[in-house]
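Chain by chain, the residues run as shown.
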Amino acid sequence: MDTRLEVNKTYKLYVGGRFSRSESGRSYAVSGPTGGFLANAARASRKDLRDAVVAARKVAGSWAGLSAYNRGQVLYRVAEMMEARRDELIDEVSAAEGGEGASQQVEEAVDCWVYYAGWTDKISQVTGALNPVAGPYFNLTAPEPIGIIGIVAPETGSLLGLVERLAPALCGGNAVVLACSQAHPHPAIALAECLHTSDVPAGVVNLLTGFKDELVPVLASHGDVDALDVSGVAPDTAADVEAAAASNVKRIVRPGPRLGPYEVTAFMEMKTVWHPKGA
Amino acid sequence: MTASTNDVEVVHRIGGSVDEVGAEARAAMLASRSLKAEAKLWGLDLAVRCCDLTTLEGADSPASVRQLASKAMRPAPLDHSIPHVAALCIYPRLVPAAVEALKGSAVAVASVATAFPSGQSALELRVAEIERAHAEGASEIDSVISRGALLAGDDTGVYEEVVAAKKACGDAHLKVILETGELGSYDRVRRASLIAMAAGADFIKTSTGKIAPAATLPVALVMAEAIRDFADFSGRRVGLKVAGGIRSAKDALRYLVLVHETLGTEWLTPERFRIGASSLLNDLLMQMDKQRSKTYSDSDRYTVA
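Computed from a predicted model, the values in this text were never measured in an experiment.

Participant: For this particular structure, what's the right way to read the overall build of chain A?
Facilitator: A count of helices and strands for chain A gives 10 helices and 12 strands. Here chain A has a C-alpha radius of gyration of 20 Å; the compact-globule value for 279 residues is 19 Å, and the two agree. For chain A, the C-alpha atoms occupy an extent of roughly 90 × 40 × 30 Å along the three principal directions. In chain A, which comprises 279 residues, the share counted as buried stands at 47%. Intrachain contacts of chain A at a sequence separation of at least 6 include 77% that bridge at least 24 residues.

Here's what the structure looks like:
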């Protein structure tokens, strides 16, 4: 007998730089494009989400404190890792959403990282300003990371849709807790493997797979999450989610054009400094 | 032959040894218990009341102690339902500042003493340090034992130094720190616990917090069992203090479960159980808020210190 046993992958969560099962031990079945069983995915609980926010908070300061140039190198490294695993990513996207457009989706996702890698050390020049004021002051405005961003990834575009929200948030120096597409979570975990082998510090990106109606309300009401990207929030729950997010005055971020510097500043705060001019 | 309970002989009469694998398995089993809803809230409240808020840094000053004292008296300034902690634990030099800051409150002043954390100075100096701290107003003394003497097999020497410490304490409570991280085996932890209790300790305490490993669940279990055996033998109920490395509310609740299961409800009070910690308090407050509001909070909402 020379038949090899199949080596099937157990898809897990990506929290604090580790691939872990849900603390609840739960998983759920995911269907492929034709409706048949594809694979199981970990079903994150609110405690997994809490742990993810703790992991993100721990590293948010040091990630934001890296030089913008250095962050750009890290983002470019993600593109390198994805390029190296291109075939695998195409397979994952095809298995989840069908083969049509899969390779284009992967290519655009890789290019998206390259695009935002270039923006890290330019965003401040382009969107910052030296403001004219009536007084002996230098008045400077510059963007700063908000802190921890909760992202609810879109349901379709399992890879590209997610990357188009994640990359600008990282470009702005934030740490991210992301609820993946519930219907197609597996490409996100394949992406996590690329992030893990690039130089993104553990805890900067945390990917949770599971039921959005379980995760999103907790993410929205969490006091230590500073902004919420609602790209993947179902329209019928949007009002409740935004009301919960108001409890600690979270910024609500809605997706704009697919690529652009203002997608980055959406995840940043403008700080203005008044500095006295010399006598 | 009848041995009085104040005799090092008691240690050998109670005797016993520890099943290492069994102790660790039981501690792990107790750690897996989960508390829900009201029980959890009650446990968190108890953990606050049992907390010895501690600062033992070279940089401590009267001002930083005053700041911590206000935290001890009112952990959450805007929430009057939060109780005060049991004691403020500090270095001897800062006792006057702490006594002054805590005047009129029910928070006790606990001073470490006896050449904390190593205990490596002459016995008369260590005794003098206790007397001075007590004279300046400390009502609880956290003393350390000579681990070197215990490891060398000098049980009587350790017994006698605890007796001397207890005498120097007067009416203050004596907590005896075993520094279990340096003892090397659970059997020695049990022996040290029994020696300290026989010599008159009011509390036995796991660690100084300056050595890793500090408090662990199996060590606390071994000490709690020694306390139980000593109470059965002598009728005297000695308290347990766990200290070092306890930073999360979850850890604190695990110790409460362990104490309850080993010693019973009589020990679930600040008179017989303490947790020595600094950063734990804010996590307890955060988890209490979580239980009440059902949403996760952030650390910016709690006072520093």
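Participant: Just checking my understanding: could you explain the overall build of chain B for this structure?
Facilitator: Secondary structure assignment for chain B yields 12 helices and 8 strands. What you see for chain B is a C-alpha radius of gyration of 19 Å, in line with the 19 Å of a compact globule of 305 residues. With the principal axes as the frame, chain B shows a C-alpha extent of 60 × 45 × 30 Å. When burial is assessed residue by residue, chain B has 49% of its 305 residues classed as buried. Summarising the internal contacts of chain B: among those between residues at least 6 apart in sequence, 74% fall at separations of at least 24.

Participant: I keep staring at the interface of chain B and chain A and nothing clicks. Help me out?
Facilitator: The parts lose accessible area when they come together, and the size of an interface is often stated as this lost area. Each side of the interface is counted separately: chain B has 5 residues, and chain A has 7 residues. Its residues assigned to classes, the side of chain B that touches chain A comprises 1 nonpolar, 2 polar and 2 charged.

Participant: Would you mind showing me how to read the sheet that holds strand S6 (residues 137–145) of chain A here?
Facilitator: Each strand in a sheet pairs with another by means of backbone hydrogen bonds, the pair being arranged parallel or else antiparallel. Residue and element names in this part refer to chain A. If you trace the 3 strands from one edge of the open sheet to the other, you get S5-S6-S12, paired in antiparallel fashion. Sheet topology places strand S5 (129–131) and strand S12 (268–276) at the edges, where each strand pairs with a single neighbour. Neighbour-to-neighbour, the strand axes of this sheet turn through a mean angle of 25 degrees, independent of strand direction.

Participant: Honestly, helix H11 (residues 249–263) of chain B in this entry has me stumped. Any pointers?
Facilitator: Residues and elements named next belong to chain B. The end-to-end C-alpha distance of H11 is 21 Å, a good match for the 21 Å that 15 residues give at a rise of 1.5 Å each. The element H11 is extensively covered by neighbouring structure, given that 11 of its 15 residues are classed as buried. Taken residue by residue, H11 has Ala249, Asp251, Ala252, Leu253, Arg254, Tyr255, Leu256, Leu258, Val259, Thr262 and Leu263 as its buried positions. Along its buried surface, H11 packs onto helix H2 (20–31), helix H3 (37–49), helix H10 (217–234), strand S7 (239–243), strand S8 (273–277) and helix H12 (280–293).

Participant: Would you mind going over the sheet that holds strand S4 (residues 140–144) of chain B with me for this structure?
Facilitator: All names here are of chain B. The 8 strands are arranged S1-S2-S3-S4-S5-S6-S7-S8 in a closed barrel whose pairing can be described as parallel. Shown here is a sheet whose adjacent strand axes are inclined to one another by a mean of 25 degrees, direction ignored. In this structure, strand S2 (residues 87–90) lies alongside strand S3 (residues 108–112), joined through 4 bridges in parallel fashion. When the bridges of S3 are listed, Ile90 appears paired with Ser111.

Participant: Before we go on, may I ask you to explain unusual backbone geometry in this structure?
Facilitator: Phi is mostly negative for residues that are not glycine, and the peptide bonds are mostly trans. Residues and elements named next belong to chain B. In this structure, the amide linkage connecting Phe116 to the following residue, Pro117, adopts the cis form with an omega of 0 degrees. Residue position: Pro117 is located in the loop between S3 and helix H6 (123–135). Cis geometry is adopted by the peptide bond preceding Pro213, which originates at Ala212 and carries an omega value of -5 degrees. Looking at where Pro213 falls in the secondary structure, it is placed in the loop between strand S6 (203–205) and H10.

Participant: I keep staring at the pairing of strand S7 (residues 148–152) of chain A and nothing clicks. Help me out?
Facilitator: Where a strand is regular, its side chains alternate between the two sheet faces. All names here are of chain A. Across the 5 residues of S7, 5 count as buried, placing the element largely inside the fold. Note: S7 against strand S8 (residues 175–179), 5 bridges, orientation parallel. Bridging from a neighbouring strand, Val152 pairs with Ala179 of S8. Traced from S7 through helix H6 (residues 160–171) to S8, the parallel crossover comes out right-handed. In this sheet, strand S10 (residues 227–229) lies alongside S7 in parallel orientation, the contact comprising 3 bridges. Within the sheet, the bridge partner assigned to Ile151 lies in S10 and is Asp229.

Participant: Please clarify how helix H9 (residues 186–198) of chain B should be interpreted in this entry.
Facilitator: In an α-helix, one turn spans 3.6 residues; hence positions three or four apart end up facing the same way. The end-to-end C-alpha distance of H9 of chain B, which contains 13 residues, comes to 18 Å, matching closely the 18 Å that a straight helix rising 1.5 Å per residue would cover. Burial analysis of H9 of chain B places 11 of its 13 residues in the buried class, the great majority of the element.

Participant: I tried to follow the nonpolar core on my own but got confused; where do I start?
Facilitator: One broad rule of soluble globular proteins: the nonpolar side chains tend to lie buried together. Counting residues in hydrophobic clusters, the biggest one holds 101 residues, and the most contacted among them are Ala47, Cys51, Leu88, Ala98, Ala196, Ala220 and Leu240 of chain B. Residue contributions to this core peak at 10 residues, all from H10 of chain B. Judged by nonpolar contacts, the second largest core, of 88 residues, contains Val30, Cys112, Leu215 and Ala266 of chain A.

Participant: Would you mind going over the packing of helix H2 (residues 68–84) of chain A against helix H7 (residues 186–197) of chain A with me for this structure?
Facilitator: A packed helix pair is summarised by two numbers, namely the angle formed by the two axes and the spacing between the axes. Residue and element names in this part refer to chain A. Interhelical geometry of H2 versus H7 gives an angle of 125 degrees and a closest axis separation of 8 Å. As the angle between them shows, H2 and H7 are arranged oblique. Note on packing geometry: the crossing formed by H2 with H7 is right-handed. From H2, Val78, Met81 and Met82 reach across to H7, where they touch Cys194, Leu195 and Thr197.

Participant: Is there a simple way to explain the packing of H10 of chain B against H11 of chain B in this structure?
Facilitator: All names here are of chain B. Where H10 contacts H11, the axes come no closer than 10 Å and their chain directions differ by 30 degrees. Taken together, H10 and H11 sit at an angle that is classed as roughly parallel. Seen along the crossing, H10 lies across H11 with a hand that is right-handed. On H11, the residues touching Leu217, Ala220, Leu221, Ala224, Glu225, Ile227 and Arg228 of H10 are Arg254, Tyr255, Leu258, Val259, Thr262 and Leu263. Here the residues of the contact of H10 with H11 sort into 9 nonpolar, 1 polar and 3 charged.

Participant: What should I look at first to understand the confidence of the model for chain B in this one?
Facilitator: Any residue range with low pLDDT should be treated as having predicted coordinates unsuitable for detailed reading. Looking at chain B, pLDDT values average 94 and 98% of them are 70 or higher. Reported confidence for the predicted complex is 0.79 by ipTM and 0.87 by pTM.

Participant: What should I look at first to understand the pairing of S8 of chain A in this one?
Facilitator: Residue and element names in this part refer to chain A. Across the 5 residues that make up S8, a large majority, 5, are buried. Of the two faces of S8, the one lined by Ala175, Val177 and Ala179 and the one lined by Val176 and Leu178 are each fully buried. The sheet contact formed by S8 and strand S9 (residues 205–208) spans 4 bridges and is parallel. Residue pairing across strands places Ala179 opposite Leu208, the latter belonging to S9.

Conventions we followed
Residues numbered from 1 in each chain as written. Chains lettered and ligands numbered in written order. Predicted model: local features only at pLDDT ≥ 70, side-chain atom pairs only at ≥ 80, totals over all residues. Helix = DSSP H or I, 4+ residues; strand = E, 2+ residues; numbered from the N terminus. Rg over C-alpha atoms; globule rule 2.2 N^0.38 Å. Buried ≥ 20, exposed ≤ 12 C-beta atoms within 10 Å, placed from the backbone. Contact = placed C-beta atoms within 7 Å. Nonpolar A, V, L, I, M, F, W, Y, C, P; charged D, E, K, R; others polar. Pairing = 2+ DSSP bridges. Axes fitted to C-alpha atoms, helices over the stretch in contact; angles between N-to-C directions. Expected span 1.5 Å × (residues − 1). Right-handed = clockwise from strand over helix to strand, strands pointing away. Core = buried A, V, L, I, M, F, W, Y, C linked by C-beta atoms within 7 Å. Parallel < 35°, antiparallel > 145°, perpendicular 65-115°, else oblique. Left-handed = near helix turned anticlockwise from the far one by under 90°. pLDDT = per-residue confidence, 0-100.

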